[in-house]
Amino acid sequence: MLIVVYLLAAAAVTALWAVLQGLSHVLLLVPMFVAAWFGLHLISGIVMLIGCQFFGHWPIEKQSAFCRWGCVGIAHMLCTYAGIFPKVEGMEKLPKDSRFLYICNHRSSIDPLLAVYVFSRYNLSFISKPSNMNIIVVGKLSQGAGYLPINREDNREALKTINTAAEYLKKDMCSIGVYPEGTRCKDPDITQLLPFHAGSFKIAQKAGVPVVVASVRYQHPDVKKHLFRPNRCYVKILDVIPAEQVKAMKTQELADLSSTMIRDSLREDVK
């Protein structure tokens, strides 16, 4: 949607320029359109750079709408420019009256961007590695939107993140997304998963929310090598584990159930 706005705005600027020039520079219309296109991106970047300076402390008490939609806009643009075109199944299964914990397999660094873009109306913020929070503009925008860093090398710090994520859910601030594998699975066999970290499911148990289990796969699995070329991405909502069932099960049971569900779905897809 944002890219469409940019296209229309660049076209309007170009048309206005052409009218003011009396259509005497027809050959310059294309360069003018390109200049307007890049100019709009530059202006947006400056606005976000200035706006995000007001954010950057954890935990936040209230989510910033500016940061949330800034993250959605960036995710949309990056996915589109990277050539990622999503097809989503099972959207109707998502909870409509409660926040949730989003669980999915992890194949590419673009996975979280894709999820933020696809589920923008569901206000999904992710738990991510600390280094992502240091990225210029994106880091502070994500903090203001409710994203959280997790240090898996320090159990005490990791528990703090889990507790904070649960608080965000309890406060109805945002839904939380996490990749239980902890990092991308680089196995060429897309049906393979890394072991799930059971502790991720404590977030849903502490917050008393359902767990949404999803799978992701790409038409061209090596996303990095296929950047900037069309690459269909398939996101499938497999099931929603009710909050009551989440609370009654052990975290390892939830991890095993979710990973089995995702693996079975991927195997069925590639048959």
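Structure first, text after, so check above.
Scoring rules and cut-offs
- Numbering of residues starts from 1 in every chain and runs along the sequence as written.
- Only residues with pLDDT of 70 or above have their local features reported here, since the model is predicted, and side-chain atom pairs are shown and tallied only from 80 upward, although totals for entire chains, interfaces and linings are computed over all residues.
- Processing note: side-chain calculations cover all non-hydrogen atoms of the structure and skip hydrogens and water entirely.
- Helix and strand definitions here come from DSSP, where helices need a minimum of 4 consecutive H or I residues and strands a minimum of 2 consecutive E residues; each element is numbered from the N-terminal end.
- Within these notes, the globule rule equals 2.2 Å times the number of residues to the 0.38 power, and the radius of gyration is based on C-alpha atoms.
- The contact criterion used throughout is that any non-hydrogen atoms of two residues lie within 4.5 Å.
- Each accessible area is a Shrake-Rupley estimate made with a 1.4 Å probe; only the visible protein chains count as cover when residues are assessed.
- Just so you know, the count uses Lys and Arg for positive and Asp and Glu for negative, and it drops His and the chain ends.
- By convention, the point assigned to a charge is CZ for Arg, NZ for Lys, CD for Glu and CG for Asp.
- Each patch is built from salt-bridge-free residues with over 30% relative accessible area, joining like charges within 9 Å and nonpolar side chains (Val, Leu, Ile, Met, Phe, Trp, Tyr) within 5 Å.
- Salt bridges, as used here, are contacts in which a Lys or Arg side-chain nitrogen is within 4 Å of a carboxyl oxygen on Asp or Glu.
- Here a Phe, Tyr or Trp ring, Trp counted by its six-membered ring, pairs with any other such ring whose centre lies within 6.5 Å, and the pair is stacked when the planes are under 30 degrees apart, edge-to-face when over 60, and tilted otherwise.
- Note on exposure labels: buried denotes an accessible area under 20% of the residue type's maximum, exposed denotes more than 50%, and partly exposed covers the range between, all computed with a 1.4 Å probe on protein chains only.
- In this analysis the charged atom, NZ for Lys or CZ for Arg, is taken to sit over a ring once it is within 6 Å of the ring centre and within 35 degrees of the ring normal.
- A 1.4 Å probe that fits into a set of points on a 1 Å grid over the protein atoms alone but cannot get out defines a cavity; an open set with protein on both sides within 12 Å along at least five of seven lines defines a pocket, and lining residues are those with an atom within 4 Å of a point.
- Grid points are joined across faces, edges and corners, and a volume is the space filled by probe spheres set on the points.
- Ten residue types, Ala, Val, Leu, Ile, Met, Phe, Trp, Tyr, Cys and Pro, are classed as nonpolar, four, Asp, Glu, Lys and Arg, as charged, and the remainder, Gly among them, as polar.

Caption draft 1: Region of the structure containing the overall build of the protein chain. Secondary structure assignment for the protein chain yields 9 helices and 7 strands. A compact globule built from 271 residues should have a C-alpha radius of gyration of about 18 Å, and the protein chain, at 21 Å, falls within 12% of that. Summarising its shape, the C-alpha atoms of the protein chain cover approximately 75 × 45 × 35 Å along the three principal directions. Restricting the contact set of the protein chain to residue pairs at least 6 apart, pairs at least 24 apart contribute 74%. With an accessible surface of roughly 14200 Å², the protein chain has 61% of that area assigned to carbon and sulfur atoms. Across the protein chain, the centroid of the 30 positively charged side chains sits 5 Å from that of the 21 negatively charged ones.

Caption draft 2: Spotlight on a positive patch on the surface. There is a patch of like positive charges on the surface, built from Lys 129, Arg 184, Lys 186 and Lys 224. Summarising the element assignment, Arg 184 is placed in the loop between β5 (175–178) and α7 (202–207).

Caption draft 3: Quick peek at the pattern of salt bridges. Applying the stated criterion across every chain yields a total of 7 salt bridges. Its salt-bridge partner being Asp 172, residue Arg 99 comes within 2.8 Å of it at the nearest N-O pair. With Arg 99 in the loop between β1 (84–89) and β2 (101–104) and Asp 172 in the loop between α6 (155–170) and β5, this pair connects stretches of sequence that are 73 residues apart. With a closest N to O distance of 3.4 Å, Glu 157 and Lys 160 form a salt bridge. Here Lys 160 and Glu 157 lie together in helix α6, a separation of 3 residues that amounts to about one turn. When salt bridges that share partners are traced, they join Arg 217, Lys 236 and Asp 269 into one network.

Caption draft 4: Molecular detail of the packing of aromatic side chains. Tallied over the full model, the rule gives 4 aromatic pairs. For the ring pair Phe 126 and Tyr 179, a centre distance of 5.4 Å and an interplane angle of 10 degrees mean the geometry is stacked. With Phe 126 in strand β3 (residues 124–128) and Tyr 179 in the loop between β5 and α7, the pair connects residues that are 53 residues apart, well separated along the chain. Taken individually, Phe 126 and Tyr 179 each receive the classification buried, so the pair is uniform in this respect. One aromatic cluster is present, built from ring pairs that chain together Tyr 102, Phe 119, Phe 126 and Tyr 179. Geometry around Tyr 234 places Arg 217 over its ring, the cationic atom sitting 4.3 Å from the centre.

Caption draft 5: Structural detail: the layout of surface pockets. The computed volume of the largest pocket comes to approximately 1300 Å³. In terms of lining residues, the largest pocket is bounded by 43 residues, among which Ser 108, Ser 109, Ile 110, Pro 112 and Asn 132 are the most central. Mapped onto the lining of the largest pocket, the elements with two or more residues apiece are α3 (65–82), α4 (111–118), β3 and α5 (138–145). Ranked by residues supplied to the lining of the largest pocket, first place goes to α3 with 5 residues. Per-class residue counts for the lining of the largest pocket are 25 nonpolar, 9 polar and 9 charged.

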